[in-house]
There are 2 protein chains.
Amino acid sequence: MRKCFNYFAQLRLDSQVVQMLKAILVIADGMADRPLKELDGKTPLEAAVKPAMDRIAENGACGIVDPISPGVPPGSDTATLAFLGYDPMKAYSGRGALEAVGSGIEVLQGDVAFRCNFATVKKNLVVLDRRAGRISNEDASQLTRSLQKIKLKKSFNANFMFKNAVQHRAALVIRGPKLSTAVSDSDPELNGKKVLQIRPLDKRPESARTAAIVTELMAEFQKALTEHPVNRERIKRKQPAANIILCRGAGTIPKITPLPELYNIRFACVAAVSLIKGVCKVAGMDVISVEGATGTTQTDYSAKAKAAVQALKTHDFVLLHIKATDVASHDENARLKTEVIGKIDKMLDYVLKNIDLSATHLVLTADHTTSCATRNHEGDPVPVAIVGPYVRRDSVKEYSERACAEGGLNRIAGTDLMHIIMGYLGRTKKFGS
Amino acid sequence: MRKCFNYFAQLRLDSQVVQMLKAILVIADGMADRPLKELDGKTPLEAAVKPAMDRIAENGACGIVDPISPGVPPGSDTATLAFLGYDPMKAYSGRGALEAVGSGIEVLQGDVAFRCNFATVKKNLVVLDRRAGRISNEDASQLTRSLQKIKLKKSFNANFMFKNAVQHRAALVIRGPKLSTAVSDSDPELNGKKVLQIRPLDKRPESARTAAIVTELMAEFQKALTEHPVNRERIKRKQPAANIILCRGAGTIPKITPLPELYNIRFACVAAVSLIKGVCKVAGMDVISVEGATGTTQTDYSAKAKAAVQALKTHDFVLLHIKATDVASHDENARLKTEVIGKIDKMLDYVLKNIDLSATHLVLTADHTTSCATRNHEGDPVPVAIVGPYVRRDSVKEYSERACAEGGLNRIAGTDLMHIIMGYLGRTKKFGS
């Protein structure tokens, strides 16, 4: 292990700090992995140069976490809900609403929201590219402005909000009386498959009505996109035309008690992707947008680290989320993932040097395993390390899936994490007397 | 640790194998134990020569498992249900039906089934031997043929099926309208105790009716057995007469979704004892019978290993169950148990040499602790080791209760095991997005 600055040399155990204890939870999306052939049987975490992470592990308590439960591949939404202390089996109500909230659309109880993709289809509706060549934010924004002008037929007695997020990502919210989330996706989830018909998933008239509204709207969207000058330009530039909107994950807003109400402190979140922003907003956190934070491997890591440090001055708990590790995994790029981990390590180095370590607990984890071999989210546990004045430091010296498995936290559930952090902050209520 | 053939030298981490990944789950019944005085404080696993098992641990990820929950002694039926991923608290509906299904009796919803023993009683109904001297299959089969000819009184409007399994084991199924599983056992579970009256366990007329039917039938059985020529022969040979049938564990068929429906792959089971066959059949597995597999310590270990290897050619998941370790434990024979473990090790050696380790996950565990000191199933956790291409190998080098407790899987619940295996096979569904 490479040595680095010993942030923790001054770490005091001081009972006077209780009033101002703070915490920062760093979640690297899909950072955990399985042993990989191209890394000589190491995981990207094991192969990466990451002195700050290792120093966190060395000075802290380590363990492994099942975000949902052993073997069950988590989504980033369900895992983040769990890490914030909510039982995802009860709280989760679909991706759509979270994505929409994260994109800045207000979603009310009764609204039905969808996660959408700008995509490329052939005339016969077979999907060529589910992400329209990871369309630029600029092109997607221009297309979105046109789509927003479309009107639903009056007879539907409903209206919609549509907003693009990073690259191909977008969100759609339908608002009106008697809607239902029991409708199927149009997104076939695989290139080479035909776009699916949106159908009601039960026999309630609300579900049939919702399916009819979305079907009609998608047809209007497709018409507008196909003829759009932005797409004509894309074709000229040999880029795939974003000629359809695919939607999936019909959902509504989760019914959860916001964190500030549960713990009576101030929560903030620094994240780029709208799904995580949505989860955090729904949980009552202040969502901080950062210039240059793109959710890609080229995100402005340094700007996010600075924003997190700043946020910790005005808030008691900050969640710092980095998407880039997951992007590299889905692209089956173990080398890139290893490099991204190195960049996240530099973020941590900055954070550790710029926060008051005598009064702050820092938690480092991943929301799930994303295997560079399978390119999928996997149900393998993720490593966690917690460092701070109240932590029972253990003998683990390296931050990785295997090293942390030998740590003092043993194996915990995702929903335990927030309670453990709030416990260090003196914010959990005694049960019993 | 003794060295043996390094099966894993060629283990590849190859993303191309995803489509044909397979798994074999080896369950040695009651193999886990407590430290024993006669083994100088070692457990039988620690005392045994078992190079293949140790090699599995050395190349895999290890841990300990609570089949049901810490401290709760599992039955083989509930533990196997748990290992197959079913919550035993919800799925378990009594031993009787599982035993009956495993004996080849079809059990329908509404039937009430019992686990039965051929036993020896004195005239005053005090039990001399609950297993009738572990009666031979031949004698039990002859007696069974006579019992099957008995007719229930017409007024009962019910009929029965009775079938013997290995040695003293048998199963009884009552079929007819309005039956209940709320009836007590006649088996006192201890030699020296008197046979119990079968009573209704609640006030429903169905329960009274079921108790009356079984009481009547047991009396008829006893009459037929007492006078039976097989028993006269047994007495001449100084063997205990099988002069009564004891029944217990009134149950019905569990309501569970079969594994092939849950995971869309092919499941097989290689087992000798009818209880395990029954659990596996109910779970939708193809149950493979093996010539010479007796469920005793003299079982044909090699034939079972070969059958498992064959089964893995036509199925994606194979459960290989060996009863002998439990038999030795119940007989308080630590030396024999240690030898049996050595024989199971040779089975594993054969299996490892004859399967494609680059695409197969092998899981080795025990369904419960059976203590050679107490002769009982105990609630202590059992060791588990998983080896295969996707496993995060840990630093454990020996397969035993204590060595595995230091492994990378930490401590998991019985119901986690199937989800972890199906996770490696890419068969668990993502929760969230």
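Our subject is the structure that appears above.
A brief structural summary.

Rules of the game
Residues numbered from 1 in each chain as written. Chains lettered and ligands numbered in written order. Predicted model: local features only at pLDDT ≥ 70, side-chain atom pairs only at ≥ 80, totals over all residues. Heavy atoms only, no water. Contact = heavy atoms within 4.5 Å. Buried area = accessible area lost by both parts, 1.4 Å probe. Polar contact = N/O pair within 3.5 Å; in protein donor to acceptor, adjacent residues only side chain to side chain. Helix = DSSP H or I, 4+ residues; strand = E, 2+ residues; numbered from the N terminus. Nonpolar A, V, L, I, M, F, W, Y, C, P; charged D, E, K, R; others polar. Axes fitted to C-alpha atoms, helices over the stretch in contact; angles between N-to-C directions. Parallel < 35°, antiparallel > 145°, perpendicular 65-115°, else oblique. Pairing = 2+ DSSP bridges. Core = buried A, V, L, I, M, F, W, Y, C linked by side-chain atoms within 4.5 Å. Buried < 20%, exposed > 50% of the residue type's maximum accessible area, 1.4 Å probe, protein only. Disulfide = S-S within 2.5 Å. Salt bridge = Lys/Arg side-chain N within 4 Å of Asp/Glu carboxyl O.

Across the boundary between the two partners, chain B contributes 25 residues, which contact 37 residues of chain A. Both sides of the chain B and chain A interface together cover about 2400 Å² of buried area, and 54% of this is carbon and sulfur. In this assembly, chain B and chain A are joined by 15 residue pairs in polar contact (both at pLDDT 80 or more). Those elements that place two or more of their residues in the side of chain B that touches chain A are strand 15 (410-413) and helix 15 (416-424) of chain B. It is helix 15 of chain B that provides the largest number of residues to the side of chain B that touches chain A, a total of five residues. When grouped by side-chain class, the residues that make up the side of chain B that touches chain A number nine nonpolar, nine polar and seven charged.

A separate point is the packing of helix 2 (residues 51-59) of chain B against helix 13 (residues 334-354) of chain B. Residue and element names in this part refer to chain B. Put simply, helix 2 and helix 13 touch, their axes get as near as 7 Å, and they point 60° apart. As far as their axial angle goes, helix 13 and helix 2 are oblique. Of the residues in helix 13, those in contact with Pro-51, Ala-52, Met-53 and Ile-56 of helix 2 are Ile-341, Ile-344, Asp-345, Leu-348, Asp-349 and Leu-352. Taken together, the residues of the contact of helix 2 with helix 13 sort by class into eight nonpolar, no polar and two charged.

Attention now goes to the sheet that holds strand 2 (residues 61-66) of chain B. All names here are of chain B. Strand order in the open sheet formed by eight strands is 9-8-10-1-11-14-2-15, and the pairing between neighbours is mixed. Of all the strands in the sheet, just strand 9 (286-288) and strand 15 have a single pairing partner and so form its edges. Neighbour to neighbour, the strand axes of the sheet diverge by 25° on average, direction disregarded. For strand 1 (residues 22-28) and strand 11 (residues 360-366), the ladder comprises seven bridges, and the chain directions are parallel. Among the inter-strand pairings, Val-26 is bridged to a residue of strand 11, identified as Leu-364. Sheet strands in contact with helix 2 are strand 2, strand 11 and strand 14 (382-387), and its direction is about 70° off that of strand 14. Sheet strands touched by helix 15: strand 1, strand 8 (267-270), strand 10 (317-322), strand 11, strand 14 and strand 15. Its angle to strand 15, the strand with the most contacts, is close to 105°.

Moving on to the nonpolar core. In this structure, A:Met285, A:Phe317 and A:Leu362 are the most contacted members of the largest nonpolar core, which totals 102 residues. Here this core gets eight residues from one element, more than from any other, and that element is helix 11 (residues 301-314) of chain A. Those residues in contact with A:Leu362 that sit more than four places away from it in its chain are A:Ile24, A:Ile56, A:Leu348, A:Val351, A:Leu352, A:Ile355, A:Ala385, A:Ile386 and A:Val387. By size, the runner-up hydrophobic cluster in this structure holds 101 residues, among which are B:Val26, B:Ala283, B:Leu364 and B:Tyr424.

Another point: the state of the cysteines. All names here are of chain A. In this structure the tally under the stated criterion is zero disulfides over all chains. Left unpaired, Cys-404 is separated from the closest cysteine sulfur, that of Cys-62, by 4.1 Å. Classification of Cys-404 by relative accessible area gives buried; the value is 0%.

For the rest of this paragraph, the subject is helix 5 (residues 95-102) of chain A. Residue pairs spaced three or four apart in an α-helix point in one direction, given the helix's 3.6 residues per turn. All names here are of chain A. Of all eight residues that make up helix 5, eight are buried, and the element is covered over most of its length. Listed as buried for helix 5 are Arg-95, Gly-96, Ala-97, Leu-98, Glu-99, Ala-100, Val-101 and Gly-102. A positive phi of about 95° marks Gly-104, the residue just after helix 5.

A few words now on the pattern of salt bridges. For the coordinates displayed, the defined rule picks out 52 salt bridges over all chains. Measuring nitrogen to oxygen at the nearest pair gives 2.9 Å for the salt bridge that ties A:Arg95 to A:Glu99. Linking A:Arg95 with A:Glu99, this pair stays in helix 5, spanning four residues, or about one helical turn. A residue is classified by how much of its surface remains accessible, and A:Arg95, at 12% relative accessible area, is buried. What makes A:Glu99 buried here is its relative accessible area of 1%. Here B:Arg234 ties to B:Asp139 by a salt bridge, and the two come within 2.8 Å at their closest N and O atoms.

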